[in-house]
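# Examination of the molecular architecture
Residue strings, one per chain:
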Amino acid sequence: MEQLLVFEKIRYQIDPPNNIFTVKVARNIDYKDIVVHYGNLMEDEGYYAGLNGLYDFSQLKRITGDHQILIDTAEVMNDPQVVSSPAKTAIVVFEKCGFFYEVLKMFCQAAAPSQNDFQIFDVSEKAEIERFLALPKNYYQLASNALPA
């Protein structure tokens, strides 16, 4: 199911047969855009607790704003009423370096008590991403191509 509210900076699709939602971001976003996306996703009628996630930030060139809003969102996810079932989320970056990568590491640490297992991968780790999320081979590539940038 493709997102209902069109939010051009961050697009997602929900794929119930594979128990996953896939996300692709524009080249330039703000940290607030990610928080808006979370709200849109969780309000989507196709979203359900226990749905795994695949965030593709590999094409991101610039992110602006205050990163603390993302860390605060991670802490909210620790509430069992917000994340009520175990799930896994792969966060894909172009490479594991730079300030955004460090922010994502802080996000994962802040969300560690939640029932969602967040892990960061670089774009070259396609097989590891698919194993982590229990996805069919080449799913990552197909999902990346399916969503508009």
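Please read these numbers as outputs of a predicted model, since none were measured by experiment.

## Description of the packing of helix H2 (residues 68–76) against helix H3 (residues 99–110)
- Remark: H2 packs on H3, axes separated minimally by 8 Å, with the N-to-C direction vectors making an angle of 20°. Comparing their axes, H3 and H2 come out roughly parallel. As for how H2 packs across H3, the hand of that crossing is right-handed. Side by side, H2 and H3 meet where Leu70, Ile71, Ala74 and Glu75 of the first sit next to Val103, Leu104, Met106, Phe107 and Ala110 of the second.
- The class makeup of the residues in the contact of H2 with H3 is 8 nonpolar, no polar and 1 charged.

## Quick word on the confidence of the model for the chain
- Across the chain, the average pLDDT comes to 89, with 90% of residues at or above 70.
- When pLDDT is averaged over each element of the chain, H3 comes out on top at 97 and helix H5 (residues 139–146) at the bottom at 69.
- Note on residues 1–6: pLDDT is under 50 here. Beyond four places in sequence and across chains, it has 16 contacts.

## Focus on the pairing of strand E7 (residues 116–122)
- Burial analysis of E7 places 5 of its 7 residues in the buried class, the great majority of the element.
- As paired strands, strand E6 (residues 87–93) and E7 are joined by 7 bridges and run parallel to one another. In the sheet register, Thr89 faces E7, and the bridge partner there is Phe118.
- Taken together, E6, H3 and E7 constitute a β-α-β crossover, and its handedness is right-handed.

## With respect to the packing of helix H1 (residues 31–43) against H2
- Where H1 contacts H2, the axes come no closer than 8 Å and their chain directions differ by 30°. As summarised for this structure, H1 and H2 are arranged roughly parallel, according to the angle between their axes. Contact residues: Tyr31, Lys32, Ile34, Val35 and Tyr38 in H1; Ile69, Leu70 and Thr73 in H2.
- A breakdown of the residues in the contact of H1 with H2 according to their chemical character gives 6 nonpolar, 1 polar and 1 charged.

## Quick word on H2
- Listing the buried residues of H2 in full gives Leu70, Ile71, Thr73 and Ala74. The arc that holds every buried residue of H2, seen down its axis, measures 155°, which confines them to one face.
- Elements in contact with the buried residues of H2: H1 and H3.

## Comments concerning the sheet that holds E6
- With mixed pairing, the 5 strands of this open sheet are ordered in space as E1-E2-E4-E6-E7. Because the sheet does not close on itself, it has two edges, and the strands there are strand E1 (10–15) and E7. Adjacent strand axes in the sheet meet at a mean angle of 15° when their direction is disregarded.
- Sheet contacts for H1: E1, strand E2 (20–25) and strand E4 (52–56); angle to E1, the most-contacted strand, approximately 30°.

Reading the values: rules and limits
- Residues numbered from 1 in each chain as written.
- Predicted model: local features only at pLDDT ≥ 70, side-chain atom pairs only at ≥ 80, totals over all residues.
- Heavy atoms only, no water.
- Axes fitted to C-alpha atoms, helices over the stretch in contact; angles between N-to-C directions.
- Helix = DSSP H or I, 4+ residues; strand = E, 2+ residues; numbered from the N terminus.
- Parallel < 35°, antiparallel > 145°, perpendicular 65-115°, else oblique.
- Left-handed = near helix turned anticlockwise from the far one by under 90°.
- Contact = heavy atoms within 4.5 Å.
- Nonpolar A, V, L, I, M, F, W, Y, C, P; charged D, E, K, R; others polar.
- pLDDT = per-residue confidence, 0-100.
- Buried < 20%, exposed > 50% of the residue type's maximum accessible area, 1.4 Å probe, protein only.
- Pairing = 2+ DSSP bridges.
- Right-handed = clockwise from strand over helix to strand, strands pointing away.
- Arc of directions from axis to C-beta.

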